[in-house]
Amino acid sequence: MALSDSVTTCLSQPVHYAICKLGFEKKDTYDINNILSGNGEVRWPAVTEHVCYLESDQSVDYIKSIQSLGPVCESVNVHFKSLTKEQFIIQYASWLHWTNCTEIFLEVFDVLQYTQTTEVALGLMKLTSCLERALGDVYLLKGKDCPFLLRDLLASEQLAVVFGQAVMNVLRIFIGSPYGLNLRNVLWHGFASPQEIPVKYCAMLLFLTAGLGQLLQTYLLQTKCILLHRPYVIFVSLEELDVFPGKYLNINLNNETLSIAEELVKLSSFVLKTMVPFWIAALTAFKQSRYADSVILLLPQLEVGLRLLFTTTNKCPNRLLTAEVKFLKFPFKLLFFQMLAEHLDNEEVNQLPVVLEEPAMEFLWDFLNHQEGPRVRDRLSHGEFNLEAFPRELANQIVAFAITLLCRFSDENMFSLKEHTDIKSLMNCASCYQSRFHPISRVKKHVLECMKSIHLWSKLPIVPEEQVQTFKGLEENAEASTLILMISEITSQLLQYMPQNCCSSDDPINSVLTERLLTELCDTHICTLYSPRPVLEIVVILRKISMQCHQVSEQVIASAEVRYTQWVNKTLRSRQRHNYLRMLNSIKFLSPLLRLILILITLEVVSVHAICKKNPFDYQQYLKFLKLVLQYTENLVTYTSSEKNKWDETVELTKKALIKIRKISDRKLMLMHLAT
């Protein structure tokens, strides 16, 4: 029997007991009027009296507290089920406005009326996400730099000042502490199956959220403070997330393909049988255009499937469960990071990357971990997205990738499903994936953007040559010609070390050929997994250089356009006219110069792994060379700014820099040769 069939729970025995049984041991019927006043306000003292404390150090006794609060939670659940939606809105909606997610909490109330366990789990995940975000906003009334971990947020002095320590202790029993129910982490990590989350805990957290709103209103009236909500994260470049291109997705993620995915869910070894309802609910939500719901349901299941592969391939089945409390102390990102790491805790090689293969690993790193990626997992769970405006483009990628994993880890007897045209298209896209958000990939992206900017120089309006000749001393610029010759010589040296698949040219400063060369270099595949620290340090400098080059280009474009208009309108003073013409002379060498630097950057990116590996003792000299180039580009940004306009100084600066670059690059090029 496959492990995915034999596992009945991912909760360790102590955690399963705490969540599924402990709060049901007391059979008392609790009167809702004890904790709810006639005008609908929460009687907090009556709630907090159920929190028990250890005699030894007066810390919370989570076991006894869960037992004591069990009947209270059931009473709240029964109370909510007795209300109509209209009654709930009248009595509680105003107390939920502080969350900035009132509609989400109203949805949670609807969920309480249903018997579908997947909807209860989904509602609880959305509730904890929005609640954490709102509590972070409250934290900022008193402090700075909101804690990243919910555990630390709930334990903060700032929230205790606003709500009271006893109230915060109640919350920590349900979420935020690995010693309590820890409902948020258990669900977002994918440890709990749908039937293992009691609906009464979802009802209680909804009730407590309204109660927090009442306490907050009192605090704000007393202190005259105003609660501000942080803006949501918004993706401005959704096209960068287009792994599975839209022209395919319009076909591949239709109802037929999603129906095939549902069949794969039932038979794939990537899916625990107890988790099948979550997968089906996620695919259903996608069909219904509920994109946030679909991704919220899928992400924990991706973690479960990866954990299953991790424990199987690394022969550590005990880690499939929540047995180790230390796992639940960490944010899920670290748990994912642990599974995707190069080595295990015992320094042995992690076998999961071998099984998943490079493209899938890079996708997971890009979408979950890299700082400039969507980091969809932690941002969703921490409430940083507007759930009501979650982009379909992002949901497309997660769902499509999940389908490819279902397909990869299914039996050979599923051949007919795997051979479906749309499924094969998804698989082909996934197998070709290359990182887009690793620092190396971002450098390549910036190089291409800078190249496009420099390309615009050829379209800049310029003063006719006959008008230039009327200004003495500006007819020709010997220094500019000398610089262009130096640039050509250095570029020719670099061209000797181009990868074999890249073009070369007898004209090293030809703009068209240079752009083609840069494009081919940036298309060169580089494995970004597990880049060592020296490589990343070098990449940071390379990126700074490319950004400085881009800024120089944008400044030149802006200045050239403004000055030309002023020239035509004859609004330039004599000194300004001379300065403008000096700028035009400088552009002649700045364009090939910036392209040279971009070639240098891209060659560094392509060869940096090999150089650091084969020549570790030259690392400091390597950095020295790059810092010299960085310093030059930083000075160039200053001199070419509209405030400075120091074009004569730019010529002298460039001459000195090129002499140093040529001298140091001789040694550098030898390193490149050794590395290739």
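Values in this document were obtained by computation on a predicted structure and should not be read as measured data.

Rules used throughout
- Residues numbered from 1 in each chain as written.
- Predicted model: local features only at pLDDT ≥ 70, side-chain atom pairs only at ≥ 80, totals over all residues.
- Heavy atoms only, no water.
- Helix = DSSP H or I, 4+ residues; strand = E, 2+ residues; numbered from the N terminus.
- Buried < 20%, exposed > 50% of the residue type's maximum accessible area, 1.4 Å probe, protein only.
- Contact = heavy atoms within 4.5 Å.
- Salt bridge = Lys/Arg side-chain N within 4 Å of Asp/Glu carboxyl O.
- Phe/Tyr/Trp six-rings, centres within 6.5 Å; stacked < 30°, edge-to-face > 60°.
- Disulfide = S-S within 2.5 Å.
- Axes fitted to C-alpha atoms, helices over the stretch in contact; angles between N-to-C directions.
- Parallel < 35°, antiparallel > 145°, perpendicular 65-115°, else oblique.
- Left-handed = near helix turned anticlockwise from the far one by under 90°.
- Nonpolar A, V, L, I, M, F, W, Y, C, P; charged D, E, K, R; others polar.
- Expected span 1.5 Å × (residues − 1).
- Core = buried A, V, L, I, M, F, W, Y, C linked by side-chain atoms within 4.5 Å.
- pLDDT = per-residue confidence, 0-100.

Peer 1: Go over the overall build of the chain with me, naming the residues and quoting the values.
Peer 2: Broken down by element type, the chain carries 32 helices and zero strands. Out of the 676 residues belonging to the chain, those deemed buried represent 57%. When contacts within the chain are restricted to residue pairs at least 6 apart in sequence, long-range pairs at least 24 apart make up 76% of them.

Peer 1: Summarise the pattern of salt bridges; cite the residues concerned and give the values.
Peer 2: Within this structure, the stated rule accounts for 25 salt bridges. In this structure, arginine 442 engages glutamate 240 in a salt bridge whose closest nitrogen and oxygen atoms are separated by 2.6 Å. Residue arginine 442 is found in helix H25 (residues 439–455), and its partner glutamate 240 is found in the loop between helix H12 (199–223) and helix H13 (246–252); the two are separated by 202 residues along the sequence. Taken individually, arginine 442 and glutamate 240 each receive the classification buried, so the pair is uniform in this respect. In this structure, glutamate 372 engages arginine 442 in a salt bridge whose closest nitrogen and oxygen atoms are separated by 3.7 Å. One end of the pair, glutamate 372, is in the loop between helix H20 (358–369) and helix H21 (376–381); the other, arginine 442, is in helix H25, and 70 residues separate them in sequence.

Peer 1: Describe in detail the packing of aromatic side chains, supporting the description with residues and values.
Peer 2: Enumeration according to the criterion identifies 18 aromatic pairs in this entry. Considering the side-chain rings of phenylalanine 270 and tryptophan 279, the 6.3 Å spacing of their centres and the 80° angle between planes classify their relative orientation as edge-to-face. Exposure remark for phenylalanine 270: the relative accessible area of 1% places this residue in the buried category. Taking the centre distance of 5.6 Å and the plane angle of 70° together, the rings of phenylalanine 363 and tyrosine 433 count as edge-to-face.

Peer 1: Just give me the short version of the environment of glutamine 165, but keep the residues and values in it.
Peer 2: For glutamine 165, the location among the structural elements is in helix H10 (residues 165–174). Note on glutamine 165: relative accessible area 39%, which makes it partly exposed. C-alpha of glutamine 165 to C-alpha of alanine 155: the two residues are 10 residues apart in sequence and 8.7 Å apart in space. Filtering out sequence-adjacent residues up to four positions away, glutamine 165 remains in contact with Ala160 and Arg172.

Peer 1: Any details on the state of the cysteines? Residues and values, ideally.
Peer 2: All told, the structure shown has zero disulfides when counted by the stated rule. You can see cysteine 101 has no disulfide; the closest cysteine sulfur is in cysteine 130, sitting 3.6 Å from it. By relative accessible area, which is 13% here, cysteine 101 ends up buried. No disulfide involves cysteine 429; its nearest neighbouring cysteine sulfur is the one of cysteine 432, lying 7.3 Å away.

Peer 1: Tell me about the side chain of serine 75, residues and numbers included.
Peer 2: Residue position: serine 75 is located in helix H4 (residues 62–81). Each residue touching serine 75, except ones within four places of it in the same chain, is listed here: Tyr30, Asp31 and Ile32.

Peer 1: Outline the packing of helix H5 (residues 85–92) against helix H6 (residues 102–112), listing residues and values.
Peer 2: Running from amino to carboxyl end, H5 crosses H6 at an angle of 140°, the nearest separation of the two axes being 11 Å. When the interaxial angle is binned, H5 and H6 end up oblique. For the pair H5 and H6, the crossing hand works out as right-handed. Residue-level contacts link Lys85, Phe88 and Ile89 of H5 to Leu106, Phe109 and Asp110 of H6. Of the residues that constitute the contact of H5 with H6, the class distribution is four nonpolar, no polar and two charged.

Peer 1: Help me get a handle on the side chain of serine 177, residues and values and all.
Peer 2: Structurally, the position occupied by serine 177 is in the loop between H10 and helix H11 (183–188). On the accessibility criterion, serine 177 (5% relative accessible area) is buried. Excluding residues that lie within four positions of it along the chain, serine 177 makes contacts with Tyr62, Arg172 and Asn182.

Peer 1: Tell me about helix H7 (residues 117–142), residues and numbers included.
Peer 2: Three or four residues apart is the spacing at which side chains of an α-helix point the same way, because the helix has 3.6 residues per turn. Across its 26 residues, H7 extends 38 Å between first and last C-alpha, which sits within 8% of the 38 Å expected from 1.5 Å per residue. A large share of H7 lies buried, amounting to 22 of its 26 residues.

Peer 1: Tell me about the nonpolar core, and please be specific about residues and values.
Peer 2: Judged by nonpolar contacts, the single largest core of 159 residues is most densely connected at Phe80 and Phe174. Grouped together as the second largest cluster of nonpolar side chains are 69 residues, Val552, Leu584, Ile587 and Leu623 included.

Peer 1: Just give me the short version of unusual backbone geometry, but keep the residues and values in it.
Peer 2: Phi at serine 289 takes a positive value of approximately 65°, unusual for a residue other than glycine. For serine 289, the location among the structural elements is in the loop between helix H15 (276–287) and helix H16 (291–313). Located in the positive-phi region is lysine 315, a residue other than glycine, with phi close to 55°. Topologically, lysine 315 is positioned in the loop between H16 and helix H17 (325–329). Residue class for lysine 315 comes out exposed when judged on its relative accessible area of 74%.

Peer 1: Let's hear about the confidence of the model for the chain: which residues, and what values?
Peer 2: When pLDDT is averaged across the chain, the result is 88; 89% of the residues are at 70 or more. At the level of individual helices and strands, the chain shows its lowest average pLDDT in H17, which scores 44, and its highest in H10, which scores 98. Low confidence marks residues 323–334, where pLDDT is under 50. Its contacts with residues over four positions away, or in another chain, come to 37 contacts.

Peer 1: Please set out the packing of H4 against H12 residue by residue, giving values where relevant.
Peer 2: Orientation of H4 relative to H12, taken along the N-to-C sense of each, is 80°, at an axis distance of 8 Å. Accordingly, the angle class assigned to the pair H4 and H12 is roughly perpendicular. Every residue of H12 that contacts H4 at Ile66, Gly70, Val72, Cys73, Glu74, Val76, Asn77, Phe80 and Lys81 is listed here: Val199, Lys200, Tyr201, Ala203, Met204, Leu206 and Phe207. The class makeup of the residues in the contact of H4 with H12 is 11 nonpolar, two polar and three charged.

Peer 1: How would you explain helix H28 (residues 511–523) if you had to name every residue and give the values?
Peer 2: Along its 13 residues, H28 runs 18 Å from first to last C-alpha, staying within 8% of the 18 Å computed at 1.5 Å per residue. Of the residues making up H28, those classed as buried are Thr514, Glu515, Leu517, Leu518, Glu520, Leu521 and Cys522.

Peer 1: Any chance you could break down the environment of arginine 436 for me, citing the residues and the numbers?
Peer 2: Locating arginine 436 in the fold gives a position in the loop between helix H24 (421–431) and H25. As for arginine 436 and aspartate 366, which are separated by 70 residues in sequence, their C-alpha atoms are 6.7 Å apart.

Peer 1: So what's going on with the environment of glutamine 13? Which residues, and what values?
Peer 2: Structurally, the position occupied by glutamine 13 is in helix H2 (residues 13–20). Spatially, the C-alpha atoms of glutamine 13 and leucine 321 are 9.1 Å apart, while their sequence positions differ by 308 residues.

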